[in-house]
Amino acid sequence: MIYGIGNDICDVRRIRESLSRHGERFAEKILSDAELVTWRQRSERWPERGVRYLATRFSAKEAFSKAIGLGMRMPMTWRDCEIAKLPSGQPVIRLHRGLKDWFEGQGLSAHVSVTDETDYAASFVVVERP
Ligand SMILES: CC(C)(COP(=O)(O)OP(=O)(O)OC[C@H]1O[C@@H](n2cnc3c(N)ncnc32)[C@H](O)[C@@H]1OP(=O)(O)O)[C@@H](O)C(=O)NCCC(=O)NCCS
């Protein structure tokens with residue numbers, strides 16, 4: 001049974017602006033430890049890839065916050081909602097700390113899809129309860 005759905009569209013230009021204004025501090029606020037490693041690798045090779053990576057994570061986390069019906073309110077936090085990847089490339093949601101406990105305590109599971117074009121990143125999340 002579907003528990004909730006959420007989507008979000010993110011302006012890549014705003015992410016670029018925030019990154020140039022606040023530097024790494026902005027990425028550190030949004031990304032989990034594992035995501036930060038990927039972000040640094042991508043940014044080192046080509047800064048624009050880092051911007052796009054951060055924009056898609058930003059939109060997926062917001063979409064997830066809507067699908068669970070909380071928005072960005074505890075136990076939902078940016079860093080506890082990680083968008084990881086399967087070997088096939090498919091994105092998956094991996095939760096941490098209090099958010100993981102809350103989510104798993106209700107027997108929920110999530111599905112996520114992300115996309116981006118020149119100026120926008122967008123995501124869609126479905127949360128299920130068996
Ligand atoms: C959900 C949230 C992350 C989206 O913020 P945003 O990126 O600025 O806005 P978006 O345009 O992407 O999305 C806004 C839509 O999210 C939806 N939304 C808001 N709160 C939501 C929630 N708890 N669960 C699911 N969807 C929610 C609404 O449909 C809203 O559109 P509407 O105001 O026209 O009805 C943000 O609103 C939030 O964290 N809300 C919870 C905290 C809160 O409500 N603070 C204010 C207290 S009055």
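Residues numbered from 1 in each chain as written. Predicted model: local features only at pLDDT ≥ 70, side-chain atom pairs only at ≥ 80, totals over all residues. Heavy atoms only, no water.

J.: I tried to follow the overall build of the chain on my own but got confused; where do I start?
T.: Counting its secondary structure elements, the chain contains 5 helices and 5 strands. Relative to the 2.2 N^0.38 estimate, which gives 14 Å for 130 residues, the radius of gyration of the chain is 14 Å and therefore close to what a compact globule would have. The proportion of buried residues among the 130 residues of the chain is 42%. Of the contacts made within the chain by residues no fewer than 6 positions apart, 56% connect residues no fewer than 24 positions apart. When the accessible surface of the chain is split by element, carbon and sulfur atoms take 53% of a total near 7300 Å². Positive and negative side-chain charges in the chain, numbering 21 and 18 respectively, have mean positions lying 1 Å apart. (Helix = DSSP H or I, 4+ residues; strand = E, 2+ residues; numbered from the N terminus. Rg over C-alpha atoms; globule rule 2.2 N^0.38 Å. Buried < 20%, exposed > 50% of the residue type's maximum accessible area, 1.4 Å probe, protein only. Contact = heavy atoms within 4.5 Å. Areas by Shrake-Rupley, 256 points an atom, 1.4 Å probe, with all protein chains shown as cover. Lys, Arg positive; Asp, Glu negative; His and termini not counted. Charge placed at Lys NZ, Arg CZ, Asp CG, Glu CD.)

J.: Just checking my understanding: could you explain unusual backbone geometry for this structure?
T.: Negative phi characterises most residues that are not glycine, and trans characterises most peptide bonds. Across the junction of Met 74 and Pro 75, the peptide omega takes the value 5 degrees, indicating a cis bond. Within the element layout of this structure, Pro 75 appears in the loop between helix 4 (47-67) and strand 2 (81-85). Positive phi, close to 45 degrees, is recorded for Arg 97, a residue that is not glycine. Tracing the backbone shows Arg 97 in helix 5 (residues 97-105).

J.: What exactly am I supposed to notice about the sheet that holds strand 5 (residues 120-128) here?
T.: Within a beta sheet, neighbouring strands are joined by backbone hydrogen bonds and run either parallel or antiparallel to one another. The strand order across the open sheet built from 3 strands is 1-5-4, with neighbouring strands paired in antiparallel fashion. Sheet topology places strand 1 (2-11) and strand 4 (109-116) at the edges, where each strand pairs with a single neighbour. Averaged over neighbouring strand pairs, the angle between their axes works out to 10 degrees when direction is ignored. Taken together, the 9 bridges between strand 1 and strand 5 define a ladder with antiparallel strand orientation. Within strand 5, the residue paired with Asp 11 across the bridge is Tyr 120. Together, strand 1, strand 4 and strand 5 form the strand contacts of helix 4, whose direction differs from that of strand 1 by roughly 150 degrees. (Pairing = 2+ DSSP bridges. Axes fitted to C-alpha atoms, helices over the stretch in contact; angles between N-to-C directions.)

J.: In this structure, what is going on with the site of the ligand? I would like to understand it.
T.: Every residue close to the ligand is listed here: Asp 8, Glu 62, Ser 65, Lys 66, Gly 69, Leu 70, Gly 71, Met 72 and Arg 73. Between the ligand and the protein, one listed contact pairs an oxygen atom with a side-chain N or O atom of Lys 66 at 2.8 Å. In this structure, an oxygen atom belonging to the ligand sits 2.7 Å away from a main-chain N or O atom of Met 72. Within the complex, the protein chains bury 33% of what would otherwise be the 900 Å² of accessible surface of the ligand. With 3 residues, helix 4 is the single largest residue contributor to the shell around the ligand. Residues belonging to the shell around the ligand are distributed by class as follows: 2 nonpolar, 3 polar and 4 charged. (Near = heavy atom within 4 Å. Polar contact = N/O pair within 3.5 Å; in protein donor to acceptor, adjacent residues only side chain to side chain. Nonpolar A, V, L, I, M, F, W, Y, C, P; charged D, E, K, R; others polar.)

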